[in-house]
Amino acid sequence: MAPGWEPRILSGAEERGSAFITTAHSGSTVTWIVTDYRPTEGRVSYARLVQDSNIGIVDVTCTAPASGGTDISVRYTLTAVSETGDAFVSQFLAEQHYRTMIEEWRVATSKALRLPAGP
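Read on for a plain summary of the structure.

**Observations concerning the pattern of salt bridges**
At step 1: Counted by the stated rule, this structure contains five salt bridges.
At step 2: The salt bridge involving Glu103 is made with Arg106; its shortest N-O contact spans 2.6 Å. One end of the pair, Glu103, and the other, Arg106, are both in helix α2 (residues 95-112), three residues apart, so they sit about a helical turn from each other.
At step 3: Residue Glu103 is classed as partly exposed on the basis of its relative accessible area of 36%.

What follows is the structure, encoded as structure tokens:
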């Protein structure tokens, strides 16, 4: 498991309808529900809620390029539900922050999978 990613399973495992919670960097609880799970197609989607802040969808798609390895696309669609959430969503989806977050995610995931850390 990637460092800092310590989900607490509420129901299910990875199939559609499974639910779990995590703790955001801010200390907020994030509730996740698997909305789509198609491992043979390299696809998974999650609905997420940060109470009094934001709601959204996270879509993850994995493809196998001809050159080998795996290309991963991660798309967040977030909606603020408060002024605090408005500030969070604006900052989170800002291009530089998002690129940095995705790179940190890639490095942590590679480390957890014991893969080389290079791009």
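**Looking at the environment of Ile9**
At step 1: Within the element layout of this structure, Ile9 appears in strand β1 (residues 8-11).
At step 2: When the C-alpha positions of Ile9 and Lys111 are compared, they lie 22 Å apart, and in sequence the two are 102 residues distant.
At step 3: Those residues within four positions of Ile9 in sequence are excluded, and the remaining contacts are Ala19 and Phe20.

**Let's talk about a nonpolar patch on the surface**
At step 1: Residues Leu49, Ile55 and Val81 make up a contiguous nonpolar surface patch of about 220 Å² in total accessible area.
At step 2: Mapped onto the fold, Val81 is located in the loop between β6 (71-80) and α1 (83-93).

**Structural notes on unusual backbone geometry**
At step 1: The backbone of Asp52 shows a phi angle near 60°, a positive value even though the residue is not glycine.
At step 2: Relative to the elements of secondary structure, Asp52 occurs in the loop between β4 (43-50) and β5 (54-63).

Here is what the cut-offs are and how they apply
Residues numbered from 1 in each chain as written. Predicted model: local features only at pLDDT ≥ 70, side-chain atom pairs only at ≥ 80, totals over all residues. Heavy atoms only, no water. Salt bridge = Lys/Arg side-chain N within 4 Å of Asp/Glu carboxyl O. Helix = DSSP H or I, 4+ residues; strand = E, 2+ residues; numbered from the N terminus. Buried < 20%, exposed > 50% of the residue type's maximum accessible area, 1.4 Å probe, protein only. Contact = heavy atoms within 4.5 Å. Patch = residues over 30% accessible without salt bridge, like charges linked within 9 Å, V, L, I, M, F, W, Y side chains within 5 Å. Areas by Shrake-Rupley, 256 points an atom, 1.4 Å probe, with all protein chains shown as cover.

These figures come from the coordinates and say nothing about function on their own.
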